[in-house]
Amino acid sequence: MLKHRNKLRVSLVLLFSIIVISWVGLYLYVNKLLEIKIAVLEEDLKKKGYQLTYSHKVFSMNPFDFHLTLQDPTFKDSIGLFEWKAEEVRFGLRIWDTYTLRCSFKGDQTLSILKKSPFPQGVLKFEGTNGLLTLTRDRVLDEVSLDIDRLYSLTEDTKKSLGLQALTLKVNNLSNPIHLHVLFKTNITGVEDKFGSVISLEGDATLSGYQKPTLPKTLEEWRDGGGILDVNVLKVSWPPIVAVANGTLTLDNEMYPLGSFSSRIEGYQEALSTMVDLGWVKSKNASAVGFVLDILGKSDETGKKHLTIPITLQNKKLSIGPASLFKLQPIEGLK
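Bear in mind that the values here come from a model prediction, so they are computed numbers and not experimental data. (Residues numbered from 1 in each chain as written. Predicted model: local features only at pLDDT ≥ 70, side-chain atom pairs only at ≥ 80, totals over all residues. Heavy atoms only, no water.)

Colleague: Give a description of the side chain of Thr250 that names residues and reports values.
Modeller: Among the structural elements, Thr250 can be located in strand β13 (residues 241-251). Side-chain polar atoms of Thr250 contact the backbone oxygen of Gly227, separated by 3.0 Å. If sequence neighbours within four positions are ignored, Thr250 has contacts with Trp222, Arg223, Gly227, Tyr256, Pro257 and Leu258. (Helix = DSSP H or I, 4+ residues; strand = E, 2+ residues; numbered from the N terminus. Polar contact = N/O pair within 3.5 Å; in protein donor to acceptor, adjacent residues only side chain to side chain. Contact = heavy atoms within 4.5 Å.)

Next up, the structure:
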């Protein structure tokens, strides 16, 4: 009986030792694996002209997750278009899925649009950001998915400036950027909502057409190689108005946007009635406008009216139908 108990104790001690040794081995293995993945990610970004730096990194773990935290990370491109900074970013890895890195952000997180960018200068602030980074079998970054609670500008009064809320962003084919695929969905804030509804925006776009064997280093090279941005869906919803457009976009020889889109607009009749109720438009004028739009509009199978309007970007102007809306500016920052 005593021998049996001693054997049981020895077996339990051995089992416990094996578990501890295995856990330490797993800890060291995953620690090294995370470091390798971050190093590979840095090298892959460097090859694509980006730079990721940080002041310190810390490894931690619990029974189910393994984490690598980068403190004071900075991410920027090589030609001075933007610079992203954060207080802390945490990458998480699960041993049964070593090709997916979960990331979360702590503290302030900003994106500075710099002088060389074709977009307006300014500083954007992110709040409540989480995401997923997916690597290929060759350990190359291929997909980024982000969920952002709020995105707004720090250059103006944040109570009045436009911002984005509940933004979801997914970028595919980063391993083959000439076929990049972007999807997003968000709500626009900072707009006085007279219709009593949220303005939502969503899009789906893909790069295509580029034929040269090497990746383009400038927008001019991308354009000359046949590069096109296919806008599969661009939808703006401000009930009762819903507008959906699709088309293609590229650049002309002077770096002005060049494109053609078709659009479908629904709910304009209800919007006119609301504008009359709000006192924006006189009833007589709304009736006249509604009559003209009804003549131009088409009816679907339910009898509901909608407008089909072409949108063009050419000759340095953006036009809706035959009417020129405003002049365009050349995209000079990426030459």
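After that view, the rundown keeps rolling.
Colleague: Quick one: what's the story with the environment of Ser283, residue by residue and with numbers?
Modeller: Among the secondary structure elements, Ser283 is positioned in helix α4 (residues 283-296). Each C-alpha atom of the pair Ser283 and Ser273 lies 8.3 Å from the other, and the pair is 10 residues apart in sequence.

Colleague: Residue-level account of the pairing of β13, with values.
Modeller: In terms of strand pairing, strand β12 (residues 228-238) meets β13 through 8 bridges, oriented antiparallel. Across the sheet, the residue bridging to Leu229 is Leu249, located in β13. Counting the residues that bridge the hairpin from β12 to β13 gives 2 residues. Strand direction decides the pairing type here: β13 and strand β14 (residues 257-266), joined by 10 bridges, are antiparallel. Bridging from a neighbouring strand, Ala243 pairs with Ile265 of β14. Here β13 hands over to β14 after 5 residues, with Met255 in that stretch at a positive phi of 70°. (Pairing = 2+ DSSP bridges.)

Colleague: Please give an account of the pairing of strand β7 (residues 122-135) that cites residues and values.
Modeller: Sheet topology places strand β6 (residues 97-113) next to β7; 9 bridges connect them, and they run antiparallel. By the bridge assignment for β7, Leu101 is matched with Leu133. Where β7 and strand β8 (residues 141-153) come together, 11 bridges link them in antiparallel fashion. Bridge pairing links Asn130 to Asp147 in β8. Hairpin geometry of β7 and β8 is characterised by an intervening segment of 5 residues between the two adjacent antiparallel strands and by a positive phi of about 65° at Arg139.

Colleague: How would you explain the packing of aromatic side chains if you had to name every residue and give the values?
Modeller: Counted according to the given criterion, the structure contains 1 aromatic pair. Note on Trp84 and Phe105: the rings are 5.7 Å apart at their centroids and 85° apart in plane angle, and the pair reads as edge-to-face. You can see Trp84 sitting in strand β5 (residues 82-94) and its partner Phe105 sitting in strand β6, a full 21 residues away along the chain. Judged by relative accessible area, Phe105 falls into the partly exposed class, the value being 21%. When the ring centre of Tyr152 is taken as reference, the NZ or CZ atom of Arg150 above it lies at 4.0 Å. (Phe/Tyr/Trp six-rings, centres within 6.5 Å; stacked < 30°, edge-to-face > 60°. Buried < 20%, exposed > 50% of the residue type's maximum accessible area, 1.4 Å probe, protein only. Lys NZ or Arg CZ within 6 Å of the ring centre and 35° of its normal.)

Colleague: So what about the pattern of salt bridges? Which residues, and what values?
Modeller: Taken as a whole and judged by the stated rule, the model has 6 salt bridges. As a salt-bridge pair, Arg223 and Asp224 come within 3.0 Å of each other at their nearest N and O atoms. What makes Arg223 buried here is its relative accessible area of 13%. Residue Lys316 pairs with Glu254 through a salt bridge whose shortest N-O separation is 3.4 Å. One end of the pair, Lys316, is in the loop between β16 (305-314) and β17 (317-320); the other, Glu254, is in the loop between β13 and β14, and 62 residues separate them in sequence. Judged by its relative accessible area of 32%, Lys316 falls in the partly exposed class. When its relative accessible area of 46% is taken as the criterion, Glu254 is described as partly exposed. (Salt bridge = Lys/Arg side-chain N within 4 Å of Asp/Glu carboxyl O.)

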